[in-house]
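Architecture and fold: a report
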Amino acid sequence: MRQIQINIKNALGAVTEADINGLDASAANALDKLHTGSGAGNDFLGWLDLPSRTPAGLIDDIQATAVSLRNDCEAVVAIGIGGSYLGAKAVIEALSDSFAAYRNGNGNPQVLFAGQNIGEDYLYELQSYLKGKKFGIIVISKSGTTTEPAIAFRLLKEQLESQLGKAEASKRIVAITDAKRGALRQLATEEGYKTFVIEDSVGGRFSVLSPVGLLPIAVAGYDIKALVQGAADMENATKCHSADNIAEVYAKTRNALYNAGKKIEILVNYNPKLHYFGEWWKQLYGESEGKDHKGIFPAAVDNSTDLHSMGQWIQDGERTIFETVLSVETQEHEVVIPSDEANLDGLNYIAGKRVDEVNKMAELGTRIAHVDGGVPNLRITIPALKEEYLGQLIYFFEKACGISGYILGVNPFNQPGVEDYKRNMFALLAKPGYEKETESIKSRIEG
Ligand code: PA5
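In this text, all values refer to a predicted model and were calculated from it rather than measured experimentally.

Considerations on the overall build of the chain
- For the chain, the count of helices and strands is 18 helices and 10 strands.
- The C-alpha atoms of the chain give 23 Å as radius of gyration, which agrees with the globular expectation for 447 residues (22 Å, within 12%).
- With respect to the principal axes defined by its C-alpha atoms, the chain has extents near 60 × 60 × 55 Å.
- Buried residues in the chain amount to 50% of all 447 residues.
- When contacts within the chain are restricted to residue pairs at least 6 apart in sequence, those whose partners lie at least 24 apart make up 79%.
- Summed over its atoms, the accessible surface of the chain is roughly 20,600 Å², and 51% of this surface lies on carbon and sulfur atoms.
- Charge-centre separation for the chain: the mean point of 45 positive side chains lies 4 Å from the mean point of 58 negative side chains.

Structure follows, in structure tokens:
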């Protein structure tokens, strides 16, 4: 089996092997806590063996639902926010033709996203785009009560019903939510929507390999069996404590760097298709580790694009940063730089080379410059942007996140800080049940 790999040798310098090995016992302990369920947040460990225990029947059901949406719809809107959208968006973008949106008739419905913001113009423009179109909706909310997706769903449901009638519309709506609780579950039951369950023990940011991610990915036309199989392979490869367990290696190295004053980690890609992978990763690590006034700040850049914007800071700014580079070994297509007789642009020195060779030299040149400039470099190689490797990568980051959070000494599976803005927003909007908070916040803003 080809597998993603990690190389940490360019982090040595900022930290020593002894610093990293010094965290070996903590990593073993963290792994043990995960596998025995004896650590903080142990009621949210359902993701740990999700790939290997996903029943074939569930995958078949997701695929059949996807086929029916694909047959009936030109566009399918996946409604969700945070963990209920980022994983699907990341995988679909990584696997898609960059210009799919501009190509007609490629056989795949467009997968659009909503409920991940409260942008009035965004929603207006989406509704106007969908006017008269055959569209479907996948509404995803574990709690079933999140405001952003609830607003988007109310709007699009009304539009779909007015375009098709209630009965037809309900055949094109799929809800993914809690088995019993929440407004969305109640609505789905009353309206007779097809539903999938998000298990209690699978938190939002760990849910991409559940129906939350798998259904939109299948609707986009990708092989969810291969994605889950890749993740299951990584589940198997990261089970036991060892010096070769790549999830432990990553978790130990980033914690050693953090202890040495490297407070910011950037996830770097050299392939624009991985932009949303960086967004997914930021949520996974930010929400899991940023608590108790601790935690590496996760950021992401798209290179070489961002070498022309963030490159200066990374090379030369405050030395509190390290980078983890996602390097894709093989491209799907070949583009060769042509020779030009006049050579007015001076590029003939690279004529005949593949674009990817130039990109790899940009990556290598940047790595050497960053390491020389005091930016430790971790490198994750991915054989190709294919479902099985993305499955491996997703599970690798999830597993490493659990280990890393426990090494850091936080509960990686809660997100208490996310509630604060909601409380204020509800108070400002005078939501029933928030009368006291409304009074108190009004006196602050009016006073
Ligand atoms: O990781 C998380 O738990 C969050 O990002 C949630 O996924 C996000 O807030 C959406 O929640 P819900 O699926 O309940 O609508």
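Having seen the structure, we can now continue with the description.
Quick look at the packing of helix α12 (residues 246–259) against helix α16 (residues 387–408)
- At a closest axis distance of 8 Å, the pairing of α12 and α16 adopts a crossing angle of 45 degrees. Taken as axis vectors, α12 and α16 run oblique relative to one another. Once α12 is placed against α16, the crossing between them reads as right-handed. Where α12 approaches α16, its residues Ile-246, Ala-247, Glu-248, Tyr-250, Ala-251, Lys-252, Arg-254, Asn-255 and Tyr-258 are matched on the opposing element by Phe-396, Phe-397, Lys-399, Ala-400, Ile-403, Ser-404, Ile-407 and Leu-408.
- Here the residues of the contact of α12 with α16 sort into 11 nonpolar, two polar and four charged.

Remarks on the nonpolar core
- Core analysis: the largest hydrophobic core is formed by 94 residues, its most contacted members being Phe-277, Trp-280, Phe-396 and Phe-397.
- Looking at this core, you find at least three residues from each of domain 1 (5–40 + 241–408) and domain 2 (50–227).
- Ignoring any residue separated from it by four or fewer positions in sequence, one finds Phe-397 in contact with Tyr-250, Leu-267, Phe-277, Trp-280, Trp-281, Leu-284, Tyr-285, Leu-326 and Ile-380.
- The next biggest cluster of nonpolar side chains, apart from the first, holds 21 residues, and it includes Val-139, Leu-156, Ile-173 and Ala-175.

Side note on the site of the ligand
- With respect to spatial proximity, 13 residues lie near the ligand, and among them Ser-84, Ser-141, Ser-143, Thr-146 and Gln-283 are the closest.
- Within the backbone of Arg-205, one N or O atom sits 3.0 Å away from an oxygen atom of the ligand.
- Note that an oxygen atom of the ligand is positioned 2.5 Å from one of the side-chain N or O atoms of Gln-283.
- Computed on the free molecule, the ligand has an accessible area of 380 Å², of which 88% lies beneath the protein chains in the complex.
- Partitioning the shell around the ligand into residue classes produces one nonpolar, nine polar and three charged.

Remarks on the packing of aromatic side chains
- Tallied over the entire structure, the rule returns 17 aromatic pairs.
- Ring plane angle 50 degrees and centroid distance 6.2 Å describe the contact between Trp-47 and Tyr-395, whose orientation is recorded as tilted. Here Tyr-395 lies in helix α16 and Trp-47 lies in the loop between α2 (24–36) and α3 (50–53), a separation of 348 residues in the sequence. Each member of the pair Trp-47 and Tyr-395 is classed as buried.
- Between Lys-33 and the ring centre of Tyr-406, over which it is positioned, the NZ or CZ distance is 5.0 Å.
- Geometry around Tyr-258 places Lys-263 over its ring, the cationic atom sitting 4.3 Å from the centre.

Here we look at the domain arrangement of the chain
- Structurally, the chain comprises domain 1 (5–40 + 241–408) and domain 2 (50–227).
- Here the C-alpha centre of domain 2 lies 30 Å away from the C-alpha centre of domain 1.
- Listed per partner, the contact involves 23 residues of domain 1 and 23 residues of domain 2.
- Both sides together, the interface formed by domain 1 and domain 2 hides about 2,000 Å², and carbon and sulfur atoms give 65% of it.
- Linking domain 1 with domain 2 are one salt bridge, by the criterion used here.

Topic: the side chain of Thr-381
- Tracing the chain through its elements places Thr-381 in strand β10 (residues 377–384).
- The class of Thr-381 is buried, set by a relative accessible area of 11%.
- Other than its neighbours up to four places away in sequence, Thr-381 contacts Ile-4, Gln-5, Ser-327 and Glu-329.

Description of helix α15 (residues 355–372)
- Its 18 residues place the ends of α15 26 Å apart at the C-alpha level, agreeing with the 26 Å of an ideal helix rising 1.5 Å per residue.
- Residues Asp-356, Glu-363, Thr-366, Arg-367 and His-370 constitute the buried set of α15. All buried residues of α15 fall inside an arc of 105 degrees around its axis, so they share one side. The outward face of α15, more than 90 degrees from its buried face, is lined by the exposed residues Met-361 and Asp-372.
- Elements that come into contact with the buried residues of α15 comprise α14 (311–316), β9 (321–330) and β10.

Thresholds, definitions, all that
Residues numbered from 1 in each chain as written. Predicted model: local features only at pLDDT ≥ 70, side-chain atom pairs only at ≥ 80, totals over all residues. Heavy atoms only, no water. Helix = DSSP H or I, 4+ residues; strand = E, 2+ residues; numbered from the N terminus. Rg over C-alpha atoms; globule rule 2.2 N^0.38 Å. Buried < 20%, exposed > 50% of the residue type's maximum accessible area, 1.4 Å probe, protein only. Contact = heavy atoms within 4.5 Å. Areas by Shrake-Rupley, 256 points an atom, 1.4 Å probe, with all protein chains shown as cover. Lys, Arg positive; Asp, Glu negative; His and termini not counted. Charge placed at Lys NZ, Arg CZ, Asp CG, Glu CD. Axes fitted to C-alpha atoms, helices over the stretch in contact; angles between N-to-C directions. Parallel < 35°, antiparallel > 145°, perpendicular 65-115°, else oblique. Left-handed = near helix turned anticlockwise from the far one by under 90°. Nonpolar A, V, L, I, M, F, W, Y, C, P; charged D, E, K, R; others polar. Core = buried A, V, L, I, M, F, W, Y, C linked by side-chain atoms within 4.5 Å. Domains from an automatic or database assignment. Near = heavy atom within 4 Å. Polar contact = N/O pair within 3.5 Å; in protein donor to acceptor, adjacent residues only side chain to side chain. Phe/Tyr/Trp six-rings, centres within 6.5 Å; stacked < 30°, edge-to-face > 60°. Lys NZ or Arg CZ within 6 Å of the ring centre and 35° of its normal. Buried area = accessible area lost by both parts, 1.4 Å probe. Salt bridge = Lys/Arg side-chain N within 4 Å of Asp/Glu carboxyl O. Expected span 1.5 Å × (residues − 1). Arc of directions from axis to C-beta.

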